[in-house]
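Each chain, letter by letter, is given below.
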Amino acid sequence: IVTHICQVCEEQKIQYILQGVSKVYLQPHFKEMDAFYAGLEISKQHFCYEFMPEDLDVYKMEFIAQNDQSREICASFVTPDMYFMVDPRHNLNFELYARAETKATGILHALQHLQLPVTQSFAFGDGVNDQEMLQAVGCSMAMGNAEASIKNLASYIVPAVKDEGVAKGVYQ
């Protein structure tokens, strides 16, 4: 299914990024998507720019849809075993990922591997894609820029990322 989605996106000029367990895969000609991640100050250390989608184990895809037609195409990729989320801040980015593999399940797998109890875990979130994760941990922290629904779930509210909210939350 990933290969098919990539083919459709290439044909329709919809930029996408593929996320695996330890690598992020981005076509080198997807300059807008690359700039988006650079703007978030995300390290490119684990980005791969040369890959074949059919060779990858992908758990999440993100898209930039510039218009209504692109948004409809992205929405058409959804199946019952997938989550689909629109970034409400700008209605431009979309996320598609398997219901079986979420941020919450990732944290729970890591805790199990490290033999740590859930009560000793914490997470930070600011968007609806963080809801399940915040509910799964022992201590949840919403960023100051989070939506009200996310703040209502959180054990604590910390300053926004740009105001060093994660660091301040860790030290609390």
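Residues numbered from 1 in each chain as written. Predicted model: local features only at pLDDT ≥ 70, side-chain atom pairs only at ≥ 80, totals over all residues. Heavy atoms only, no water.

**Quick notes on the sheet that holds strand β8 (residues 139–143)**
Reasoning step 1: With parallel pairing, three strands are arranged side by side in an open sheet as β7-β8-β9. A strand with exactly one partner marks an edge of an open sheet, and here the two such strands are β7 (122–125) and β9 (156–158). The mean angle between the axes of side-by-side strands here comes to 30°, regardless of whether they run parallel or antiparallel.
Reasoning step 2: Pairing analysis gives three bridges linking β8 to β9, with the strands arranged parallel. Paired with Met143 across the bridge in β9 is Val158. (Pairing = 2+ DSSP bridges. Helix = DSSP H or I, 4+ residues; strand = E, 2+ residues; numbered from the N terminus. Axes fitted to C-alpha atoms, helices over the stretch in contact; angles between N-to-C directions.)

**Some details on the nonpolar core**
Reasoning step 1: Counting residues in each nonpolar core, the largest one holds 30 residues, and the members touching the most others are Leu18, Phe63 and Phe77.
Reasoning step 2: Secondary-structure elements contributing two or more residues to this core are α1 (2–12), β1 (15–19), β2 (24–26), α2 (31–39), β3 (47–48), β4 (60–64), α3 (68–76) and β6 (93–98).
Reasoning step 3: Ranked by the residues each element gives to this core, the list is headed by α1, at five residues.
Reasoning step 4: When neighbours within four sequence positions are excluded, Phe63 is seen to be in contact with Ile5, Cys9, Ile14, Gln15, Tyr16, Met33, Cys74, Phe77, Leu92, Asn93, Phe94 and Leu96.
Reasoning step 5: One finds Leu134, Ala146, Ile150 and Ala154 within the second-largest nonpolar core, a separate group that totals eight residues. (Core = buried A, V, L, I, M, F, W, Y, C linked by side-chain atoms within 4.5 Å. Buried < 20%, exposed > 50% of the residue type's maximum accessible area, 1.4 Å probe, protein only. Contact = heavy atoms within 4.5 Å.)

**Details of the layout of surface pockets**
Reasoning step 1: Here the largest pocket is characterised by a volume of approximately 1,400 Å³.
Reasoning step 2: Together, 38 residues line the largest pocket, and Ile42, Lys60, Lys103, Asn129 and Asp130 are the ones closest to its centre.
Reasoning step 3: At the level of secondary structure, the elements contributing two or more residues to the lining of the largest pocket comprise α2, β4, β6, α4 (103–114) and β7.
Reasoning step 4: In terms of residue class, the lining of the largest pocket is built from 16 nonpolar, eleven polar and eleven charged. (1 Å grid on protein atoms, 1.4 Å probe; cavity = no way out; pocket = protein on both sides within 12 Å on 5 of 7 lines; lining within 4 Å. Points joined across faces, edges and corners; volume = space filled by probe spheres on them. Nonpolar A, V, L, I, M, F, W, Y, C, P; charged D, E, K, R; others polar.)

**So, a nonpolar patch on the surface**
Reasoning step 1: Residues Phe122, Val161, Val166, Val170 and Tyr171 make up a contiguous nonpolar surface patch of about 530 Å² in total accessible area.
Reasoning step 2: The greatest single-element share of the nonpolar patch, amounting to three residues, is contributed by helix α7 (residues 165–171).
Reasoning step 3: Assignment of secondary structure puts Phe122 in strand β7.
Reasoning step 4: Under the relative-accessibility criterion, Phe122 is labelled partly exposed at 43%. (Patch = residues over 30% accessible without salt bridge, like charges linked within 9 Å, V, L, I, M, F, W, Y side chains within 5 Å. Areas by Shrake-Rupley, 256 points an atom, 1.4 Å probe, with all protein chains shown as cover. Salt bridge = Lys/Arg side-chain N within 4 Å of Asp/Glu carboxyl O.)

**Some thoughts on the side chain of Gln19**
Reasoning step 1: Tracing the backbone shows Gln19 in strand β1.
Reasoning step 2: One polar contact links Gln19 to Tyr37, side chain to side chain, over a distance of 3.4 Å.
Reasoning step 3: Excluding residues that lie within four positions of it along the chain, Gln19 makes contacts with Val24, Tyr37, Val58, Tyr59, Lys60 and Glu62. (Polar contact = N/O pair within 3.5 Å; in protein donor to acceptor, adjacent residues only side chain to side chain.)

**Observations concerning α4**
Reasoning step 1: With twelve residues, α4 ought to run about 16 Å at 1.5 Å a step, and its terminal C-alpha atoms sit 16 Å apart, in line with that.
Reasoning step 2: On its buried face, α4 sits against α5 (131–136).
Reasoning step 3: Sitting at the head of α4, Thr102 places a side-chain oxygen 3.3 Å from the backbone nitrogen of Ala104.
Reasoning step 4: Residue Gln115 follows α4 closely and has a positive phi angle near 55°. (Expected span 1.5 Å × (residues − 1).)

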